[in-house]
Amino acid sequence: MDFNRLKGTRLKGKTAIVRVDFNVPRNKDGSISDDTRLQSALPTIKHLQKAGAKTILLSHYGRPNGKPNKKDSLRFIVPALVEALDSEVLFSPTLNANAVDLLEPGGVMLMENTRFHKGETEGDKALAQEFADLGDIYIQDAFSAAHRNHASSAVIGELMPAYAGLAMERELDHISQALIKPKSPVMGVVGGAKVSTKIDLLKNLVSKLDILVIGGGMANTFLFAQGHKVGSSLCEKDLKDTALDILKTAKKEKCQIILPTDVVVAKEFKANAKHRQCELASVKSTEMILDCGTASVEQLMDAMDSAKTLIWNGPLGAFELSPFDTSTVEAAKYAAKLTKKGKLVSVAGGGDTVAALKHAGAADDFTFISTAGGAFLEWMEGKPLPGVEILKK
Ligand code: AMP
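Given the structure is predicted, the values throughout are model-derived calculations rather than measurements.

### Looking at the overall build of the protein chain
Across its full length, the protein chain carries 12 helices and 15 strands. Taken against the 2.2 N^0.38 rule, which gives 21 Å for 393 residues, the C-alpha radius of gyration of the protein chain at 23 Å falls within 12% of a compact globule. Dimensions along the principal axes, computed over C-alpha positions, put the protein chain at roughly 70 × 45 × 40 Å. By residue count, 56% of the 393 residues in the protein chain fall in the buried class. A separation of at least 24 residues holds for 72% of the contacts in the protein chain among residues at least 6 apart in sequence. Accessible area of the protein chain: about 17400 Å², with a carbon and sulfur share of 49%. If the 50 positive side-chain charges of the protein chain are averaged to one point and the 47 negative ones to another, these points end up 3 Å apart.

Below, the structure is given as structure tokens:
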């Protein structure tokens, strides 16, 4: 994908406004429970420090609805940032362009929560201009916020030179490897609870992929649409026609659809519930399909053997409840093994996918796992992301 990169860009003496995502999860006592997002912002900040640029960091935190409040202040992140960078970090509670004068070249200043300003989530141009007035160039380094047309994540990029930060660059290069210029055959695995949340995604994927495996609760809707009995499973019966349309498009586009042929069923939705594996035809009315069966996993693995690229979103079963995590774990481990051997490029992301692949112990061996939820899904849906579009000019 063609977009503006930092490489070769003169940064010395410039003030760079960097959009990061410091919307980190926290424990009850306020401490950071997962600093992945903070860590991913570090390479760009260090790069700017080394180049002698001044860095202004912009981020949202929580949902303060355009009004400042103590709970959602970004001040809490400063000590963690100081420790991670091993350098001073200034904090500015207000949007004051003069505050930037306090910075030396190589200095770093974090501005207060962008969502304390009413215009942020409205994509207000005047607010974007206020952000832009803080510096000379804009660096978008928060892929996870790139699907939003907010003042600090996209609109500002229309007002000044805009570049991808190093984390954004890594993300864009990897995701384009999976859908824009992938090595074929390209295979998708889409699971999760409902078809209704992934209709656009499925429609886009069937027109781009060679093979699409549909698993998880959403497979039940497809099986029902095909006339199978799904008992008391999670199933969106009203989406029967949508499911049939997707299957029809897949046929037209020559995308092979793989649905479960055998399943694991239980009468209760709970861990270690009494369960059995059976053919589709013998699911009883009192039973719920909670995972794919052994033959289905074998078929999925055979398909992986034939694929060169894999894109994965969503678990294949109710993976939080043992033993209904079995097919997700086995399939994820197999994808990780093929990736490690260099036979597969594997890219995954969105919602529960990261948790599911971590649970399987497979996450480290995937080629790339995007921690961006909504942005990854919208990208898989084929929608332009405002925070990425501004980097293409
Ligand atoms: P999503 O956020 O759409 O990716 O959905 C993830 C959720 O789907 C997880 O909480 C899984 O437990 C759930 N899920 C997957 N398969 C099933 C199933 N067969 N029945 C009920 N829930 C499922």
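### Notes on the pattern of salt bridges
Within the structure shown, the criterion is met by 11 salt bridges. Note that E381 and K383 form a salt bridge whose closest N and O atoms lie 2.8 Å from each other. Judged by relative accessible area, E381 falls into the buried class, the value being 15%. Overall, K383 belongs to the partly exposed group, its relative accessible area being 34%. When the shortest N-O distance is used, the salt bridge between E389 and K392 registers 3.0 Å. When salt bridges that share partners are traced, they join R5, E169 and D173 into one network.

### Some details on the sheet that holds strand 5 (residues 137-140)
Pairing is parallel in the open sheet, where 6 strands are placed in the order 3-4-2-1-5-6. Strands at the two margins of the open sheet, each flanked by one partner only, are strand 3 (90-92) and strand 6 (162-164). Within the sheet, the average angular offset between the axes of one strand and its neighbour, ignoring direction, is 25 degrees. Across 3 bridges, the pairing between strand 3 and strand 4 (residues 108-111) is parallel. What sits directly across from F91, in strand 4, is L110.

### What about the sheet that holds strand 12 (residues 288-292)?
Sheet architecture is open: 3 strands sit in the order 11-10-12, paired in antiparallel fashion. The open sheet has two free edges, formed respectively by strand 11 (275-279) and strand 12, since each of these has just one partner strand. Averaged over neighbouring strand pairs, the angle between their axes works out to 40 degrees when direction is ignored.

### Some details on the domain arrangement of the protein chain
Along its sequence, the protein chain is carved into domain 1 (15-169) and domain 2 (182-380). In this structure, domain 1 and domain 2 have C-alpha centres spaced 36 Å apart. Each partner contributes residues to the interface: domain 1 has 5 residues there, and domain 2 has 8 residues. Both sides of the domain 1 and domain 2 interface together cover about 490 Å² of buried area, and 68% of this is carbon and sulfur. Counting every contact that joins domain 1 to domain 2 gives 0 salt bridges. At the boundary of domain 1 with domain 2, the tally comes to 0 residue pairs in polar contact (both at pLDDT 80 or more). Here the residues of the side of domain 1 that touches domain 2 sort into 1 nonpolar, 3 polar and 1 charged.

### Here we look at the packing of aromatic side chains
Per the stated rule, a full pass over the model turns up 3 aromatic pairs. Where F376 meets W379, the ring centres are 5.7 Å apart and the plane angle is 45 degrees; that geometry is what we call tilted. In this pair, F376 and W379 are both assigned in helix 11 (residues 374-380), 3 residues apart and thus about one turn of the helix distant. Directly above the aromatic system of F76 lies the positively charged group of R26, at a separation of 3.5 Å from the ring centroid.

### Side note on the site of the ligand
Close contacts around the ligand come from 15 residues, with A193, K198, G217, I289 and E320 the closest. One of the side-chain nitrogen or oxygen atoms of K198 is found 3.1 Å away from an oxygen atom of the ligand. With the chains in place, 83% of the 510 Å² that the ligand exposes on its own is no longer accessible. Classifying every residue of the shell around the ligand gives 8 nonpolar, 4 polar and 3 charged.

### Comments concerning the side chain of R19
As for its position among the elements, R19 is in strand 1 (residues 15-19). Judged by relative accessible area, R19 falls into the buried class, the value being 1%. Of the polar contacts made by the side chain of R19, one reaches the side chain of S152; its length is 2.8 Å.

### Focus on the packing of helix 6 (residues 216-225) against helix 7 (residues 240-252)
Following both chains from N to C, one finds helix 6 and helix 7 inclined at 85 degrees, their axes separated by 9 Å at the closest point. The pairing of helix 6 with helix 7 is recorded here as roughly perpendicular in orientation. For the pair helix 6 and helix 7, contact is made by T221, F222, F224 and A225 and by K240, A243, L244, I246 and L247, respectively. For the contact of helix 6 with helix 7, the residue count by class is 7 nonpolar, 1 polar and 1 charged.

### Considerations on the packing of helix 5 (residues 199-208) against helix 7
The packing of two helices is summarised by the inter-axis angle and the distance between the axes. Between helix 5 and helix 7, the shortest axis-to-axis distance is 9 Å and the interhelical angle comes to 15 degrees. Regarding the angle of helix 5 to helix 7, the classification is roughly parallel. The two elements helix 5 and helix 7 cross, and the hand of that crossing is right-handed. Residues I199, L202, K203 and V206 of helix 5 touch helix 7, and the partners they reach there are T242, I246, T249 and A250. Classifying every residue of the contact of helix 5 with helix 7 by side-chain character gives 5 nonpolar, 2 polar and 1 charged.

Rules used throughout
Residues numbered from 1 in each chain as written. Predicted model: local features only at pLDDT ≥ 70, side-chain atom pairs only at ≥ 80, totals over all residues. Heavy atoms only, no water. Helix = DSSP H or I, 4+ residues; strand = E, 2+ residues; numbered from the N terminus. Rg over C-alpha atoms; globule rule 2.2 N^0.38 Å. Buried < 20%, exposed > 50% of the residue type's maximum accessible area, 1.4 Å probe, protein only. Contact = heavy atoms within 4.5 Å. Areas by Shrake-Rupley, 256 points an atom, 1.4 Å probe, with all protein chains shown as cover. Lys, Arg positive; Asp, Glu negative; His and termini not counted. Charge placed at Lys NZ, Arg CZ, Asp CG, Glu CD. Salt bridge = Lys/Arg side-chain N within 4 Å of Asp/Glu carboxyl O. Pairing = 2+ DSSP bridges. Axes fitted to C-alpha atoms, helices over the stretch in contact; angles between N-to-C directions. Domains from an automatic or database assignment. Buried area = accessible area lost by both parts, 1.4 Å probe. Polar contact = N/O pair within 3.5 Å; in protein donor to acceptor, adjacent residues only side chain to side chain. Nonpolar A, V, L, I, M, F, W, Y, C, P; charged D, E, K, R; others polar. Phe/Tyr/Trp six-rings, centres within 6.5 Å; stacked < 30°, edge-to-face > 60°. Lys NZ or Arg CZ within 6 Å of the ring centre and 35° of its normal. Near = heavy atom within 4 Å. Parallel < 35°, antiparallel > 145°, perpendicular 65-115°, else oblique. Left-handed = near helix turned anticlockwise from the far one by under 90°.

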